[in-house]
There are 2 protein chains.
Amino acid sequence: MDIAEVAKASGLPASTLRFYEEKGLIQSTGRNGLRRLFRANVIERLALISLGRSAGFSLDEIGEMFTAEGLDINRALLLAKADELDRTIEELTSMRDGLRHAAVCKAPSHFECPKFLRLLRVAGKNRIRQPNKLKENKLKLGVQKK
Amino acid sequence: MDIAEVAKASGLPASTLRFYEEKGLIQSTGRNGLRRLFRANVIERLALISLGRSAGFSLDEIGEMFTAEGLDINRALLLAKADELDRTIEELTSMRDGLRHAAVCKAPSHFECPKFLRLLRVAGKNRIRQPNKLKENKLKLGVQKK
DNA sequence: ATACAAGCTCAAGTTGACTTTAAGTCAAGC
DNA sequence: GCTTGACTTAAAGTCAACTTGAGCTTGTAT
């Protein structure tokens, strides 16, 4: 496959594919002139990378996961990330409840509302970065049937 | 209060306070020579800002929330953010379950495991940026009693 | 044979939320 | 009078994950 096909199949721009290759996350298997050639299984790779990103792994972490040939998934790392997600989920949940309460709370100042004060205590940690303009993400992974 | 006191009370470095002032998120009420003076209620402001950040608001969004004097919270914005949190929570939950499953799954390739494939479909959207090195966040908000 | 769209490389730019640095001001203490 | 330390400013740096741009090369269609 050439880069355009991979881009289309994965939903990722060619620039990202080059970037991922440079980072060692994917490999091209040769060139046709200048042009990169990819094997079809790169799509699966990219799906895994996308998945990892969604789960909060950094590209570096993802890179450490697949060694040499094929994808060797580090189970401990997975479980650790799952635990981290648990904590995040809990915090986001309090946050969501707090926001809903704040929207209807009648206390004259939020600082006089006990729920709001509890919310303040819950916050503090767990700052969320604004995601990278995820305009429309159109990952078409129907994990192709050969 | 001078900037050092505010820094201590809020847990935020002075550089961040200057940055927030420049962004219009907090105000200093005057100067003693060159030195900024803050009113005590700036601590509450900072607590709100921290809260907003934790809930996923950008600084710009937070800035739009408190108009002029005092904090005027935009209820619609709050509810919208709460809904957004709901979606995020759902996705993170699938993600977490998927990770836990992947860690124990016996299928020869993850691509042969139906749960894993479902996980792949759930992902796609909702990329999480690595949080801003949140070494130790030590917000000491005991919301001071006058 | 020639045009041209699509690739290529390498370097620099973008974003958001800060942090760091360099250079300067100032009150207090020795 | 001089040092020290806490503060000031403006500008530059950081981080991750990409994106963009300039300028060059190529396979393929006319």
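The structure under discussion appears in the preceding block.
In this report, we go over the structure that sits alongside the text. As the structure is a prediction and not an experimental result, all values here were calculated from the model.

Per the secondary structure count, chain A includes 6 helices and 2 strands. Going from the N terminus to the C terminus, chain A shows its helices and strands as α-α-β-β-α-α-α-α. Counting contacts in chain A only where the partners sit at least 6 residues apart, residues at least 24 apart contribute 47% of the total. Counting only carbon and sulfur atoms, one obtains 52% of the accessible surface of chain A, whose full area is about 8,400 Å².

Our next topic: the nonpolar core. One finds Leu46(A), Ile49(A), Leu46(B) and Ile49(B) to be the most contacted residues of the largest nonpolar core, which totals 76 residues. Those residues within four positions of Ile49(A) in sequence are excluded, and the remaining contacts are Tyr20(A), Leu25(A), Ile26(A), Leu59(A), Ile62(A) and Phe66(A).

So, about the environment of Tyr20(A). All names here are of chain A. One can find Tyr 20 in helix α2 (residues 14–22). A residue is classified by how much of its surface remains accessible, and Tyr 20, at 7% relative accessible area, is buried. Those residues in contact with Tyr 20 that sit more than four places away from it in its chain are Leu 12, Leu 25, Ile 26, Leu 46, Ile 49 and Leu 59.

Residues and elements named next belong to chain B. Direction vectors running N to C along helix α1 (residues 3–10) and helix α2 (residues 14–23) enclose 105 degrees, while the axes themselves pass 9 Å from each other. The angle between α1 and α2 places the two elements in the roughly perpendicular class. Along the contact surface, α1 presents Ile 3, Val 6, Ala 7 and Ser 10, while α2 presents Ala 14, Leu 17 and Arg 18.

Residues and elements named next belong to chain A. Every buried residue of α2 is accounted for by Thr 16, Leu 17, Tyr 20 and Glu 21. Buried positions in α2, seen along its axis, are confined to an arc of 140 degrees and lie on one side of it. Its buried side turned inward, α2 meets α1 (3–10), β2 (35–37), α3 (42–54) and α4 (59–65). Directly after α2, the chain includes Gly 24, whose backbone phi takes a positive value near 85 degrees.

Here we take up the packing of α3(A) against helix α6 (residues 114–122) of chain B. Running from N to C, α3(A) and α6(B) cross one another at 70 degrees; their axes reach a closest spacing of 9 Å. The angle between the axes of α3(A) and α6(B) places the two elements in the roughly perpendicular class. Classified by chirality, the crossing of α6(B) by α3(A) is left-handed. Across the interface between the two elements, Ala47(A), Leu48(A) and Leu51(A) from α3(A) touch Phe116(B), Leu119(B) and Leu120(B) from α6(B). The residue makeup of the contact of α3(A) with α6(B), split by class, is 6 nonpolar, no polar and no charged.

What follows deals with α1(A). Residues and elements named next belong to chain A. Among all positions in α1, only Ile 3, Val 6, Ala 7 and Ser 10 are buried. For α1, the angular spread of the buried residues around the axis is 100 degrees, confining them to a single face. Tucked into the core, α1 has its buried residues touching α2, β2 and α3. Two residues or fewer after α1 comes Gly 11, characterised by a positive phi angle close to 80 degrees.

With respect to the helices and strands, the residue Leu85(A) is situated in helix α5 (residues 75–104). Spatially, the C-alpha atom of Leu85(A) lies 8.0 Å from that of Ala55(A), the residues being 30 residues apart in sequence. In this view, Leu85(A) contacts Ala55(A), Leu92(B), Met95(B), Arg96(B) and Leu99(B); residues no more than four positions away in its chain are not counted.

Our focus in this paragraph is the protein's contact with DNA strand D. Residues in close proximity to DNA strand D total 21 residues, the closest being Thr16(A), Tyr20(A), Ala4(B), Arg35(B) and Arg36(B). Each atom of DNA strand D within 4 Å of the protein was classed as base or backbone; sugar and phosphate made up 77%. Measuring from a phosphate oxygen of DNA strand D, one finds a side-chain N or O atom of Arg53(A) at 3.4 Å. Of all the elements in the fold, those that place two or more residues in the surface near DNA strand D are α2 of chain A together with α1 and β2 (35–37) of chain B. The leading source of residues in the surface near DNA strand D is α2(A), at 4 residues. Per-class residue counts for the surface near DNA strand D are 8 nonpolar, 4 polar and 9 charged.

Conventions used here
Residues numbered from 1 in each chain as written. Chains lettered and ligands numbered in written order. Predicted model: local features only at pLDDT ≥ 70, side-chain atom pairs only at ≥ 80, totals over all residues. Heavy atoms only, no water. Helix = DSSP H or I, 4+ residues; strand = E, 2+ residues; numbered from the N terminus. Contact = heavy atoms within 4.5 Å. Areas by Shrake-Rupley, 256 points an atom, 1.4 Å probe, with all protein chains shown as cover. Core = buried A, V, L, I, M, F, W, Y, C linked by side-chain atoms within 4.5 Å. Buried < 20%, exposed > 50% of the residue type's maximum accessible area, 1.4 Å probe, protein only. Axes fitted to C-alpha atoms, helices over the stretch in contact; angles between N-to-C directions. Parallel < 35°, antiparallel > 145°, perpendicular 65-115°, else oblique. Arc of directions from axis to C-beta. Left-handed = near helix turned anticlockwise from the far one by under 90°. Nonpolar A, V, L, I, M, F, W, Y, C, P; charged D, E, K, R; others polar. Near = heavy atom within 4 Å. Polar contact = N/O pair within 3.5 Å; in protein donor to acceptor, adjacent residues only side chain to side chain.

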